[in-house]
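Here is what each chain is made of, one letter per residue.
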Number of protein chains: 2
Amino acid sequence: MTWSLHPKLSELTTEVGDLPLSRVLLENDSNYPWLILVPRMAGISELIDLDPNEQVQLLGEIDAASRALKAVATFEKLNIGALGNMVKQLHVHVIGRSSTDATWPKPVWGLAKPVPYEPEARNVLVKKLRHELKM
Amino acid sequence: MTWSLHPKLSELTTEVGDLPLSRVLLENDSNYPWLILVPRMAGISELIDLDPNEQVQLLGEIDAASRALKAVATFEKLNIGALGNMVKQLHVHVIGRSSTDATWPKPVWGLAKPVPYEPEARNVLVKKLRHELKM
């Protein structure tokens, strides 16, 4: 079984690049600085489906993605979540939240209409994220 | 600075017990099997505020809480989240979701009116959780 990115995850995101375990995606919604990490392992839907070493690797990548987001964007609080009720493929949201954002203090999912980035602004952001993540 | 549980977290939960790093709480809402892990460290609001060893310890406790929940309740998907927009004290939700539950497939936060457990049912559940978590 070969891993491939779930089409629903690719549809609304731009690829930032690959960390050792995860593909890093930028959600195409300028309401929030928002990354998604998707471990490149077929058939995995839960954190507890990963073995302990893989879990620790994913945790390190969540930490790195959080710090990269902090380095390139301004926000007050991180929201980290692995839900997967709509898309079963294991993916972890890392989102920067601000008290002025579209849905604060509620969670982001399914509430505000996405506001796509201008292509140029998105390219600049992706480039900065790649730099921070040493990609 | 001494750690103490945020009053908003104690208000709606029952204490299950302490793991090496975290206090484990049962959300008093029978809509979902729902645990909350709160690292007993003062002044911490983000996962990335923990050092790498503490992060790995918390991850192991999230794994243990997920498995304990699976052992005592029936559900289809885990939702794991560290948000903290309302209560800054670092806390991690571990929630069992089912396609028949009150808010599926949406996230749980702030949507359904909590349905408190009957005291006897809650005591039985807490006892089972303590057994699974070797408390």
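Quick caveat, the model's predicted, so the values are computed rather than measured. (Residues numbered from 1 in each chain as written. Chains lettered and ligands numbered in written order. Predicted model: local features only at pLDDT ≥ 70, side-chain atom pairs only at ≥ 80, totals over all residues. Heavy atoms only, no water.)

**Considerations on the overall build of chain A**
Here is the rule we go by: Strands here mean DSSP runs of E at least two residues long; helices mean DSSP runs of H or I at least four residues long; both are numbered from the N terminus. When we talk radius of gyration, it's over C-alpha atoms, and the globule rule is simply 2.2 Å times the number of residues to the 0.38. The buried label applies to any residue whose accessible area, calculated with a 1.4 Å probe on protein chains only, is under 20% of its type's maximum; exposed applies above 50%, and partly exposed to all values in between. Throughout, a residue-residue contact means that at least one pair of heavy atoms, one from each residue, lies within 4.5 Å. The protein chains shown are the only cover counted for residues, whose accessible areas, like all others here, come from Shrake-Rupley with a 1.4 Å probe. Residues scored as charged are limited to Lys and Arg (positive) and Asp and Glu (negative), so that His and the chain ends carry no count. By convention, the point assigned to a charge is CZ for Arg, NZ for Lys, CD for Glu and CG for Asp.
Of regular secondary structure, chain A possesses three helices and five strands. Secondary structure elements of chain A occur, N-terminal to C-terminal, as α-β-β-β-α-β-β-α. For chain A, the C-alpha radius of gyration of 14 Å lies close to 14 Å, the compact-globule estimate for 135 residues. Viewed in the frame of its principal axes, chain A has a C-alpha envelope of about 40 × 30 × 25 Å. Taken across its 135 residues, chain A has 54% of its residues classed as buried. Long-range pairs, those at least 24 residues apart, make up 59% of the contacts in chain A with a sequence separation of at least 6. With the model as given, the accessible surface of chain A reaches about 6,500 Å², and the carbon-plus-sulfur share is 53%. Looking at chain A, you have 15 positive and 16 negative side-chain charges, and the mean spots of the two groups are 4 Å apart.

**Things to note about helix α3 (residues 119–132) of chain B**
Since the α-helix advances by 3.6 residues per turn, residues separated by three or four positions end up pointing in the same direction. Residue and element names in this part refer to chain B. Counted only if it meets this: Given a helix with a known number of residues, its expected span is that number minus one, times 1.5 Å. In this description, the arc belongs to the directions extending from the helix axis to the C-beta atoms.
Here α3 spans 20 Å end to end across 14 residues, near enough to the 20 Å set by a 1.5 Å rise per residue. For α3, the complete set of buried residues consists of Leu-125, Val-126 and Leu-129. What you see down the axis of α3 is that its buried residues fit within an arc of 100 degrees, all on one side. Facing away from the buried side of α3, by more than 90 degrees, are the exposed residues Glu-120, Lys-127 and His-131. For α3, the elements touching its buried residues are β1 (13–18), β2 (22–27), β3 (34–39) and α2 (52–72). At the C-terminal side of α3, Lys-134 shows a positive phi close to 55 degrees.

**With respect to the nonpolar core**
Heads up, the condition is: Buried Ala, Val, Leu, Ile, Met, Phe, Trp, Tyr and Cys residues form a nonpolar core when they are joined through side-chain atoms within 4.5 Å.
Of all hydrophobic cores here, the largest spans 62 residues; its most connected members are A:Leu35, A:Leu58, A:Leu129, B:Leu58 and B:Leu129. Counting residues in each nonpolar core, the second largest holds 26 residues, with A:Leu9, A:Trp34, A:Trp109 and B:Trp109 among its members.

**Some details on the sheet that holds β2(B)**
To be explicit about the condition: Between any two strands, pairing holds if DSSP finds at least two bridges. Note on geometry: axes are lines fitted to C-alpha atoms, helical ones only across the stretch in contact, with angles between N-to-C directions running from 0 to 180 degrees.
Sheet architecture is open: 10 strands sit in the order β1(A)-β2(A)-β3(A)-β5(A)-β4(A)-β4(B)-β5(B)-β3(B)-β2(B)-β1(B), paired in antiparallel fashion. Sheet topology places β1 (13–18) of chain A together with β1 of chain B at the edges, where each strand pairs with a single neighbour. Shown here is a sheet whose adjacent strand axes are inclined to one another by a mean of 20 degrees, direction ignored. Alignment of β1(A) against strand β2 (residues 22–27) of chain A, held across five bridges, turns out to be antiparallel. Note on β2(A): the bridge partner recorded for A:Thr13 is A:Glu27.

**Here we look at the pattern of salt bridges**
Rules: What makes a salt bridge here is a side-chain nitrogen of Lys or Arg within 4 Å of a carboxyl oxygen of Asp or Glu, nothing more.
Tallied over the entire structure, the rule returns 12 salt bridges over all chains. The partner of A:Arg23 in a salt bridge is A:Glu15, with the nearest N and O atoms 3.9 Å apart. The buried category is assigned to A:Arg23, whose relative accessible area is 18%. A relative accessible area of 40% places A:Glu15 in the partly exposed class. A salt bridge links B:Asp63 to B:Arg67; the shortest N-O distance between them is 2.7 Å. Within this pair, B:Asp63 and its partner B:Arg67 are both found in helix α2, separated by four residues, close to a single helical turn. Relative accessible area serves as the criterion here: at 14%, B:Asp63 is assigned to the buried category. Linked by salt bridges that have partners in common, A:Glu15, A:Asp18, A:Arg23 and A:Arg40 make up one network.

**What to know about the interface of chain A and chain B**
For the record, the criterion: Summed over both partners, buried area is the accessible surface (1.4 Å probe) that two parts give up on being assembled. In the analysis that follows, any N or O atom pair within 3.5 Å is treated as a polar contact, provided that within protein one partner can donate a hydrogen and the other can accept it, and provided that, for residues neighboring in sequence, both atoms belong to side chains. In this count, Pro and Cys sit with the nonpolar residues alongside Ala, Val, Leu, Ile, Met, Phe, Trp and Tyr, while Asp, Glu, Lys and Arg are called charged and the others, Gly among them, polar.
With 30 residues of chain A at the contact, the number on the chain B side is 30 residues. Buried area between chain A and chain B, summed over both chains or domains, comes out near 2,700 Å², and the portion from carbon and sulfur atoms is 61%. Interface area lost by chain A to chain B is led by A:Ile48, A:Lys77 and A:Asn85, which between them contribute 25%. Seen at the junction of chain A and chain B, the total is two salt bridges. As a salt-bridge pair, A:Glu46 and B:Lys77 come within 2.9 Å of each other at their nearest N and O atoms. Summed over the shared surface of chain A and chain B, the result is 20 residue pairs in polar contact (both at pLDDT 80 or more). Among the secondary structure elements, those contributing two or more residues to the side of chain A that touches chain B are α2 (52–72) and β4 (77–82) of chain A. When its residues are assigned to classes, the side of chain A that touches chain B shows 14 nonpolar, seven polar and nine charged. Note: β4(A) against strand β4 (residues 77–82) of chain B, three bridges, orientation antiparallel.

**Focus: the confidence of the model for chain A**
The predicted structure's coordinates, where accompanied by low pLDDT, should not be read in detail. To keep it simple, the criterion reads: The pLDDT value expresses, per residue, how confident the predictor is, ranging between 0 and 100.
For chain A, per-residue confidence averages 97 on the pLDDT scale, and 100% of positions sit at 70 or higher. Per the prediction output, this complex has pTM 0.97; the corresponding ipTM is 0.96.

**Focus: the environment of A:Val115**
Residue and element names in this part refer to chain A. By the secondary structure assignment, Val-115 is in the loop between β5 (92–97) and α3 (119–132). With 84 residues separating them in the primary sequence, Val-115 and Asn-31 have C-alpha atoms 6.2 Å apart. Sequence-distant contacts of Val-115, defined by excluding residues within four places in its chain, comprise Asn-28, Asp-29, Ser-30 and Asn-31.

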